[in-house]
Amino acid sequence: MTTKDIPPPLARAVIDRAADERMDEELLSSARVDPSSRVVLLHGDRAPVHEGALALAAPSEAPDGAEWAFLGRDADGRAMLVAAIPASAEEPAPPRGQWASLRAVGGDLPADEAGRFVQALSIGRWLIDAPFCPACGSHTRVSQAGWSRVCPSCGRTHFPRTDPAVIVAVASADGERLLLGRNAAWGDTPVYSTFAGFVEAGESLETTVHREVAEEAGVRLDRLRYRGSQAWPYPRSLMLGFTAHAIDDDEARPDGEEIVDVRWFSRDEVRRGLAGEGEVRLPGPASIARSLITRWSSR
C-alpha cells in the first residue's frame, strides 16, 4: 500500500460496533457489572494511555457519576464500553498509565485503538453535553445502550449529531508547491496547515471547498478530488478531505481575520516540516490535515 492509499489516521480501524445489540435495554446495565467488559475511561477529551496503547479498565474502575455507552465487541467478544466524565470534574487517578488527549496520541496508537478512542470520545462528549431535549428542555433518559436519548415529556428521540466539515490541501497550478495557512487562533506559534471549514445549510461539499478556500486564502480552484474522511470529535465533526489545484498562484492572500498568513511551500520544505526540522511546524499525526500534506509530499 502506498502513502496515497493509506486512510487518514483515525479512519483505519476495523472494529465491531455490534449495533444490532443496542436495542436490548438490558445490554448496558449487564455489561457494566460484567468483570470481563473493557472500558475506555474519558476525562474530558483524555483517556489513559500506557506504553503506547489505551489503558482499558474494568467496569469497577470507572469513576462515579460517569456517562456510559456500549461501543461494541472486541476480537474476543467482550463488551467494550465508554465511561465519560467532563473535564470540569476532578481528575481521577487512572488505573494505569497517564491521561492523554486524542490530538496528542491518536496518530501513534494502533489503528483499532485510535478508532475506539475517537468513537468513545464522540459518543462520550455527546452524552455529557446534550442531556436536555432541544425541543422542550426536559431532561432526557439514555436509550439504545447510550446511542440515543428519549424525552419523557414530549416523546422525541434524539441521536448524536455529526457536523460535516471540509479540509483541503491546495497545490500550485503546476503541482510543485503547497499552499498552507496560519490560523489566528494559534497566536505567534509558527504552525501552518491546510484550509478547512464547516458545510453550511443547503451547501454541497464541493461548493464548501471552493467557498472556504476563496474566503480564507483568496484562491480559485480546479481539479478537485475527494481523498477520504475521518471523525474529529472537536466537538462533533466529520472531516472530509480533498485536494485541489490553484488556478492562479498569485491570488493567494490571507483573509486577515481567521487566517493571518499564507505561504507556498516546496516539497523539500514540507518534508523537513514533517520531520520536525526547520522553523515551520505542521499539524500533528492524528489529524487528516497531516495525512493530506504527507500525501502531497510523497509524490
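Residues numbered from 1 in each chain as written. Predicted model: local features only at pLDDT ≥ 70, side-chain atom pairs only at ≥ 80, totals over all residues. Heavy atoms only, no water.

1. Side note on the nonpolar core
Then, number 1: Grouped together as the largest cluster of nonpolar side chains are 45 residues, with contacts concentrated most on L42, V82, F117, I123 and V270.
Then, number 2: No other element matches helix α3 (residues 111-129), which puts eight residues into this core.
Then, number 3: Apart from the residues within four sequence positions on either side, I123 is in contact with A69, L71, V82, G146, W147 and P160.
Then, number 4: Counting 19 residues, the second-largest nonpolar core is a separate cluster that includes F195, V209, L221 and A244. (Core = buried A, V, L, I, M, F, W, Y, C linked by side-chain atoms within 4.5 Å. Buried < 20%, exposed > 50% of the residue type's maximum accessible area, 1.4 Å probe, protein only. Helix = DSSP H or I, 4+ residues; strand = E, 2+ residues; numbered from the N terminus. Contact = heavy atoms within 4.5 Å.)

2. Description of helix α5 (residues 267-274)
Then, number 1: For α5, the complete set of buried residues consists of R267, V270, G273 and L274. Looking down the long axis of α5, one finds its buried residues gathered within 125 degrees of arc, a one-sided arrangement.
Then, number 2: The inward-facing, buried residues of α5 contact β11 (177-183), β15 (259-266) and α6 (288-297). (Arc of directions from axis to C-beta.)

3. A word on the packing of α5 against α6
Axes are the key here: two packed helices are described by the angle between their axes and the distance separating the axes.
Then, number 1: Packing of α5 against α6 brings their axes to within 10 Å, and their N-to-C directions diverge by 135 degrees. With respect to α6, the element α5 is oriented oblique. The chirality of how α5 crosses α6 is left-handed. Residues R267, V270, R271 and L274 of α5 form the contact with α6, whose participating residues are R290, I293, T294, W296 and S297. (Axes fitted to C-alpha atoms, helices over the stretch in contact; angles between N-to-C directions. Parallel < 35°, antiparallel > 145°, perpendicular 65-115°, else oblique. Left-handed = near helix turned anticlockwise from the far one by under 90°.)

4. Section: the sheet that holds strand β8 (residues 148-150)
Then, number 1: The strand order across the open sheet built from three strands is β7-β8-β9, with neighbouring strands paired in antiparallel fashion. Either end of the sheet is taken by a strand with one partner, and the two such strands are β7 (141-143) and β9 (157-158).
Then, number 2: Bridge analysis of β8 against β9 gives two bridges, and the strand direction is antiparallel. Bridging across to β9, V150 finds its partner in T157. (Pairing = 2+ DSSP bridges.)

5. Some remarks on the packing of aromatic side chains
Then, number 1: Per the stated rule, a full pass over the model turns up three aromatic pairs.
Then, number 2: It is R149 that lies over the ring of W126; its NZ or CZ is 5.9 Å from the centre. (Phe/Tyr/Trp six-rings, centres within 6.5 Å; stacked < 30°, edge-to-face > 60°. Lys NZ or Arg CZ within 6 Å of the ring centre and 35° of its normal.)

6. Brief notes about the side chain of R22
Then, number 1: For R22, the location among the structural elements is in the segment before α1 (27-32).
Then, number 2: Despite its burial, R22 remains without a salt bridge, the nearest opposite charge being carried by D20 at 7.8 Å.
Then, number 3: Residues within four places of R22 in sequence aside, it is in contact with R17, L27, F70, Q144, A145 and W147. (Lys, Arg positive; Asp, Glu negative; His and termini not counted. Salt bridge = Lys/Arg side-chain N within 4 Å of Asp/Glu carboxyl O.)

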